[in-house]
Amino acid sequence: MTKKIKSIAIELTKHNIVIRKAVRHIIFLKRYLIYLIAKKSNKTDDKLICFKSFSGKSYSCSPKAIYEYMLTQDKYKDFKFIWVFREPEKYKYLENNHNTKVIYNKGKAYYKAMASSKYWIHNYRIADHIFPKEDQIYVQCWHGTPLKRLGYDIETFDNALNTINELRFKYKVDAKKFKYFLSPSKFASEKFISAWNLRAFGKENAIIEQGYPRNDKLFNCTVNDINRIKSTLGIEDTDKKIILYAPTWRDNQHDSSIGYTYKTEVDFDYLRDAVGDKCIILFRAHYLVASKFDFKKYKGFVYDVSKYDEINDLYLASDALLTDYSSVFFDYANLKKPMIFYMYDFDAYKNEIRDFYIDVEELPGPVITDRNQEELVGELKAIENNDAYFKKYGKKYTEFNNKYNYLDDGYAAKRVIEEILEF
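Reading the values: the criteria
- Residues numbered from 1 in each chain as written.
- Predicted model: local features only at pLDDT ≥ 70, side-chain atom pairs only at ≥ 80, totals over all residues.
- Heavy atoms only, no water.
- Pairing = 2+ DSSP bridges.
- Helix = DSSP H or I, 4+ residues; strand = E, 2+ residues; numbered from the N terminus.
- Axes fitted to C-alpha atoms, helices over the stretch in contact; angles between N-to-C directions.
- Contact = heavy atoms within 4.5 Å.
- Buried < 20%, exposed > 50% of the residue type's maximum accessible area, 1.4 Å probe, protein only.
- Arc of directions from axis to C-beta.
- Salt bridge = Lys/Arg side-chain N within 4 Å of Asp/Glu carboxyl O.
- pLDDT = per-residue confidence, 0-100.
- Parallel < 35°, antiparallel > 145°, perpendicular 65-115°, else oblique.
- Left-handed = near helix turned anticlockwise from the far one by under 90°.
- Nonpolar A, V, L, I, M, F, W, Y, C, P; charged D, E, K, R; others polar.
- Phe/Tyr/Trp six-rings, centres within 6.5 Å; stacked < 30°, edge-to-face > 60°.
- Lys NZ or Arg CZ within 6 Å of the ring centre and 35° of its normal.

Observations regarding the sheet that holds strand S2 (residues 80-85)
Right, on to step 1. Strands sit in the order S3-S2-S1-S4-S5-S6-S7 across an open sheet of seven strands; the sheet is parallel. Strand pairing shows two members of the sheet lacking a second neighbour, strand S3 (100-104) and strand S7 (207-209), which therefore form its edges. Averaged over all adjacent pairs, the angle separating strand axes in this sheet is 25°, with direction ignored.
Right, on to step 2. Where strand S1 (residues 45-52) meets strand S4 (residues 117-122), five bridges bridge the pair, whose relative direction is parallel. Its bridge partner lying in S4, Phe51 is registered against Ile121.
Right, on to step 3. Across the face of the sheet, helix H3 (residues 61-71) comes into contact with S1, S2, S3, S4 and strand S6 (180-183) while running at roughly 155° to S2.

Comments concerning the pairing of strand S5 (residues 137-140)
Right, on to step 1. Residues Ile137 and Val139 line one face of S5 and the alternating positions Tyr138 and Gln140 line the opposite face, and both faces are buried.
Right, on to step 2. Of the pairings in the sheet, the one linking S4 to S5 comprises four bridges and is parallel in character. Note that in S5 the partner of Trp120 across the bridge is Tyr138.
Right, on to step 3. Sheet topology note: the S5/S6 ladder contains two bridges and is parallel. Each bridged residue has a counterpart across the sheet, and for Gln140 the counterpart in S6 is Phe181.

A closer look at helix H13 (residues 373-382)
Residues spaced three or four apart along an α-helix point in a common direction, a consequence of the helix completing one turn every 3.6 residues.
Right, on to step 1. For H13, every residue scored as buried is listed here: Gln373, Leu376, Val377, Glu379 and Leu380. Each buried residue of H13 sits inside an arc of 165° when the element is viewed along its axis, so together they form one side.
Right, on to step 2. If you follow the buried residues of H13, they end up packed against strand S8 (241-246), helix H9 (268-275), strand S13 (320-323), strand S14 (339-342) and strand S15 (367-368).

Overview of the pattern of salt bridges
Right, on to step 1. In total, this model carries 16 salt bridges according to the counting rule given.
Right, on to step 2. A salt bridge links Glu362 to Lys403; the shortest N-O distance between them is 3.5 Å. In this pair, Glu362 is assigned in the loop between helix H12 (346-353) and S15 and Lys403 in helix H14 (residues 386-404), connecting sequence segments 41 residues apart.
Right, on to step 3. Here Glu418 ties to Lys414 by a salt bridge, and the two come within 3.1 Å at their closest N and O atoms. Of this pair, Glu418 and Lys414 both sit in helix H15 (residues 412-420), four residues apart, which is roughly one turn of that helix.
Right, on to step 4. You can call Glu418 partly exposed: its relative accessible area is 37%.
Right, on to step 5. Accessibility expressed as a relative area gives 35% for Lys414, which makes it partly exposed.
Right, on to step 6. One continuous salt-bridge network, built from bridges that share partners, spans Lys75, Lys414 and Glu418.

Brief notes about the sheet that holds S15
Right, on to step 1. Taking strand neighbours across the sheet as the criterion, the six strands line up as S12-S11-S8-S13-S14-S15 in an open arrangement whose pairing is parallel. The strands lining the two open edges of the sheet, one partner per strand, are strand S12 (302-304) and S15.
Right, on to step 2. Pairing of S8 with S13, which is carried by four bridges, proceeds in the parallel orientation. Bridging from a neighbouring strand, Ala246 pairs with Thr323 of S13.

Some thoughts on the environment of Lys392
Right, on to step 1. In this structure, Lys392 sits in helix H14.
Right, on to step 2. The exposure class of Lys392 is exposed, given its relative accessible area of 62%.

Overview of the pairing of S13
Right, on to step 1. The side-chain alternation of S13 yields two buried faces, one formed by Ala320 and Leu322 and the other by Leu321 and Thr323.
Right, on to step 2. As paired elements, S13 and S14 share three bridges and run parallel to each other. By the bridge assignment for S14, Leu322 is matched with Ile340.

As for the confidence of the model for the protein
Right, on to step 1. Here the protein averages 89 in pLDDT, while 89% of its residues score no lower than 70.
Right, on to step 2. Scored below 50 in pLDDT, residues 254-262 makes 40 contacts in the model with residues more than four places away or belonging to other chains.

Concerning the packing of H9 against H13
Right, on to step 1. Relative orientation of the contacting elements H9 and H13 amounts to 40°, with a least axis distance of 10 Å. Taken together, the axes of H9 and H13 lie oblique to each other. Crossing hand, H9 versus H13: right-handed. Residues Tyr270, Leu271, Ala274 and Val275 of H9 pack against Gln373, Glu374, Leu376, Val377, Leu380 and Lys381 of H13.
Right, on to step 2. Each residue belonging to the contact of H9 with H13 can be placed in one class, and the counts come to seven nonpolar, one polar and two charged.

Let's talk about the packing of aromatic side chains
Right, on to step 1. In total, this model carries 42 aromatic pairs according to the counting rule given.
Right, on to step 2. Relative to Phe81, the ring of Tyr67 has its centre 5.4 Å away and its plane inclined at 80°; by these criteria the two rings are edge-to-face. Note that Tyr67 is positioned in helix H3 and Phe81 in strand S2, a separation of 14 residues in sequence. No difference in accessibility class separates Tyr67 from Phe81, as the two residues are buried.
Right, on to step 3. Here the aromatic rings of Tyr67 and Trp83 are separated by 5.8 Å at their centres, their planes lie at 80°, and the arrangement is edge-to-face. Remark: Trp83 occurs in strand S2 and Tyr67 occurs in helix H3; sequence separation between them is 16 residues. By the burial criterion, Tyr67 is buried, and Trp83 matches it.
Right, on to step 4. Ring pairs connect the aromatic residues Trp120, Tyr124, Tyr138, Trp142, Tyr171, Phe178, Phe181, Phe192 and Trp196, which therefore count as one cluster.
Right, on to step 5. Directly above the aromatic system of Phe178 lies the positively charged group of Lys203, at a separation of 5.5 Å from the ring centroid.

Okay, structure coming up:
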């Protein structure tokens, strides 16, 4: 009954801005007052760090990379670490690590952790009612080089839950909170500064442009690591090409009862018949997508890895990437493997939903801008020959990495944490 009431309430707020604002304001005030008590009741611990990734959905990304780097360094042995998860029972094993505690994403323990931690190292927005004290340091790691326009840069916007002004307000609130914002390149820094309107808040110097810690693993991984990943996925014994299919979400596809949805626009029957004897597909839905996918009929051909926490593992296990507008391709390019861009709704996405920061002509791989399955199959067959692929796209690939990934080298976590820590 509670879920049904919540679903009805969300549906009402989707279609009535006045109701939406009123409901959000009431919820904000209630939570703000509760957190204010926690702030007043807990002293800041200078050696305590609170980590959270994708709003507590996973153990991954740059927060994970920074945490794991700190665990290897004796000079950080006096630090204590808190990890926040929506399903903390799945990650209790982390408490076997030095000075590490795992907690639930809501409630008194979470508020206490946030109120007492000197450092917040997160890769997604923090709830509006949670503000740092003057002696606390919020590090916004973010989660990718942006292709899609963000925040204040969005001019065309079709979102089920927010208007452009409501979205910009969220970015404004977040910008007022963080002290540092991680960036992998000059390009990304410029976009983050404009998307969060940092100049207006005098915070353009908040950017730490040192590469992405989350990409360190792509440079430090061994053959044994890759074999272990494949074994975990159940695909270690195969000569087939492993294709990671990682599409992004659509702002305008939302179901009030579950959240953001996604309809796959790939004809898997056609693909299986055409390349099933040569390829395996790892399907990875965006972390915001709540849809359930049933690939039982494609057993042995399509593997649903949407719940697999660490996408870097999927990068390393795969031979090529199939994506659309997801920022995964920026990181994936570090591996110098073939990429295909299946942008079947390109015109709508560009002109109605988000628009882009870069011209798709820069992309180092074939771009398909409609639902042409024959063309998609043709490109999948073409990447069987890596030499031919890089003969065609090698120059673009080099230029792409020189512009977007020149700081990624396996040591970003070290540089970032040394710049962040204040004793």
